[in-house]
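As a plain string of letters, each chain reads:
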Amino acid sequence: MAATETPNSCSEQRVAERLTIREMGQRGDGVADTLGGQVFVPFTLPAEIVTADPVAGHPDRRTLAAVERESPDRIAPICTHFGICGGCAVQHWRDEPYRAWKRALVVDALSHAGVAATVGDVIGAHGDGRRRMVLHARRGTHDVLQVGFAAPRAHHIVPIDRCPILAPGLDRGIAVAWRLAEPLMPTRKPLDIHLTATETGLDVDIRGSGPLTNKLQQSLTTLASTLRLARLTRHGDLIVQREAPTIRMGRAHVALPPGAFLQATAAGEETLAALVRRHVGSAKTVVDLFCGVGPFALRLAETGRVAAFDSDAPAVAALQRAANMTAGLKPVVAQARDLFRRPMLASELNAFDAAVFDPPRQGAEAQARMLAQSRVP
């Protein structure tokens, strides 16, 4: 339901609307119907009646003003920043309907694509929490430094001092980001500070600072030592390394290249790897396509020979080094190869008993076609 506008009102002067949330949208916003079409209201739940304000320039978006009738599935969020910080969308939702919604996203996507498949239950993979995060540092009002996450669908920063969904290894990550941003304030550049919790300490990559003067680089080197960071880089270029940042994957310990992709949680990686191992079964030869630093390949090598391919040469090199240094693994051959432009051909794939295929978000149509033409069992 939508409130009726006065005849002389214009879009910029629209008053708050009273809306009934029909369902949860794909991005975690409540969906409501109005005379002008459906609109999206963040931090709401299905069947709630809410008051919402228009968003200038976005006719299909609203901001939540008040919840008039709460859903019985609404719970208190675990974070004091929830609703202001843009990092989380559904902390206010009870676990059971949340899981049902997540599963339905997959079911609907497959259905729309015409794919008939059985979809299992959602598997919880939060574990100890997120082991990597990106914090933003900007100059705010009166030139005051702000370090935190971006506000929901906005460019301004919400300064934070804690985040309850982080793994223990990132407990001090926010304080570290504040300390590193302070000497970079004179550069007047917006910073993105990437932090990863590893076995040997925090791995930090600073992006957006622009070229560093010798004095500033020395200042960061001293600060990294004081903070006992495992490594500090700028856009992947080494500033200082106290100890190689490593992550355990099965029996292996992988020394991460700067900016390496990891699953957000260790439990998520372990869950995916267990599913992959179960489906690969007793295959003696396996090809791992889009292997990254080896979360699947290194575990699969405990029982079979593995060939691993990815366009990220530093990641592939890290995987190969880890395999070479780990006792008890079957042979692993890792190679850098652009699987978008040079996919593994069906004739090459036919040499393997199983293929693991984990492409990035944009997909990999050329490689998918070659897999479809192959005889990999």
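For clarity, every value in this text was computed on a predicted model and none was experimentally measured.

What counts, and where the lines are drawn
- Once a new chain begins, its residue numbering starts again from 1 and follows that chain's sequence as written.
- Reporting in this predicted model follows two pLDDT cut-offs: at least 70 for local features of residues, and 80 or more for side-chain atom pairs to be given and counted; totals over whole chains, interfaces and linings ignore these cut-offs and use all residues.
- Computation of side-chain values: all heavy atoms of the structure, hydrogens and water removed.
- Salt bridges are counted wherever a side-chain nitrogen of Lys or Arg sits within 4 Å of a carboxyl oxygen of Asp or Glu.
- Here a strand is any run of E in DSSP of at least two residues, a helix any run of H or I of at least four, and the numbering for each starts at the N terminus.
- A helix is expected to reach a length of 1.5 Å times the quantity of its residues less one.
- Each residue is placed in one exposure class: buried if its accessible area under a 1.4 Å probe, protein chains only, is under 20% of its type's maximum, exposed if it is over 50%, and partly exposed if it falls in between.
- Two residues qualify as a contact provided that any one of their heavy atoms is within 4.5 Å of a heavy atom in the partner residue.
- Under the pairing criterion, centres of Phe, Tyr and Trp rings, with the six-membered ring standing for Trp, must be within 6.5 Å; the plane angle then separates stacked pairs below 30 degrees from edge-to-face pairs above 60, leaving the rest tilted.
- Here the rule is simple: two strands pair whenever DSSP picks up at least two bridges between them.
- Where helices are involved, their axes are fitted lines through C-alpha atoms of the stretch in contact, as for all axes, and angles between N-to-C directions lie from 0 to 180°.

Draft legend 1. Inspection of the pattern of salt bridges at higher detail. Across all of its chains, the model carries 20 salt bridges by this definition. Notably, a salt bridge pairs R22 with E23, separated by 2.9 Å at the nearest N-O pair. A network of salt bridges, in which partner residues are shared, links R22, E23 and D33.

Draft legend 2. Representation of helix α6 (residues 313-324) in the model. The terminal C-alpha atoms of α6, which comprises 12 residues, lie 16 Å apart, in line with the 16 Å expected from a rise of 1.5 Å per residue. Looking at α6, one finds that the buried residues are A315, V316, A318, L319, Q320, A322 and A323. Elements in contact with the buried residues of α6: β14 (252-255), α5 (297-300), β16 (305-310) and β17 (332-336).

Draft legend 3. Up close: the environment of A177. Mapped onto the secondary structure, A177 falls in helix α2 (residues 173-184). Judged by relative accessible area, which is 0%, A177 ranks as buried. For the pair A177 and V204, spaced 27 residues apart in sequence, the C-alpha separation works out to 8.7 Å.

Draft legend 4. Broad picture of the packing of aromatic side chains. In the structure shown here, the tally under the stated rule is 6 aromatic pairs. Each ring, one from W93 and one from Y98, has its centre 6.5 Å from the other, and the planes form 75 degrees; the classification is edge-to-face. Residue classification places W93 among the buried positions, given a relative accessible area of 8%. Taking the relative accessible area as the measure of exposure, Y98 reaches 27% and is therefore partly exposed. Seen in terms of ring centroids, W93 and W101 are 5.7 Å apart; in terms of plane orientation they differ by 50 degrees. Their pairing is tilted.

Draft legend 5. Just helix α4 (residues 266-280), in detail. Given a rise of 1.5 Å per residue, 15 residues ought to cover 21 Å, and the 21 Å separating the end C-alpha atoms of α4 matches this to within 8%. By the burial criterion, the buried members of α4 are A267, G268, E269, A273, V276 and V280. The secondary structure elements touched by the buried residues of α4 are β13 (246-249), β15 (285-289), α5 and β18 (354-357). Immediately downstream of α4, the backbone of G281 shows phi near 60 degrees, a positive value.

Draft legend 6. Representation of the sheet that holds β18 in the model. Spatially, 4 strands are ordered β17-β16-β15-β18 in an open sheet, and the strand pairing comes out parallel. In the strand order of this sheet, the two ends are held by β17 and β18, each with one partner. Averaged over all pairs of adjacent strands, the angle between strand axes in this sheet comes to 15 degrees, irrespective of strand direction. In terms of strand pairing, β16 meets β17 through 5 bridges, oriented parallel. Note on β17: the bridge partner recorded for A308 is A334. Sheet contacts for α6: β16 and β17; angle to β17, the most-contacted strand, approximately 165 degrees.

Draft legend 7. Layout of unusual backbone geometry. The backbone of F43 sits at a positive phi, close to 65 degrees, despite the residue not being glycine. Here F43 lies in the loop between β3 (37-41) and β4 (49-55). Even without being glycine, A47 reaches a positive phi, approximately 75 degrees. The residue A47 is located in the loop between β3 and β4 in this model. Assessed through its relative accessible area of 44%, A47 is described here as partly exposed.

Draft legend 8. The arrangement of the pairing of strand β11 (residues 231-234) in detail. Residues R231 and T233 line one face of β11 and the alternating positions L232 and R234 line the opposite face, and both faces are buried. Bridge count for strand β10 (residues 201-207) against β11 is 4 bridges, and the pairing is parallel. Considered in β11, the bridge of I206 is made with R234. As judged from the 4 bridges shared by β11 and strand β12 (residues 237-241), these two strands associate in the antiparallel manner. Bridge pairing links R234 to D237 in β12.

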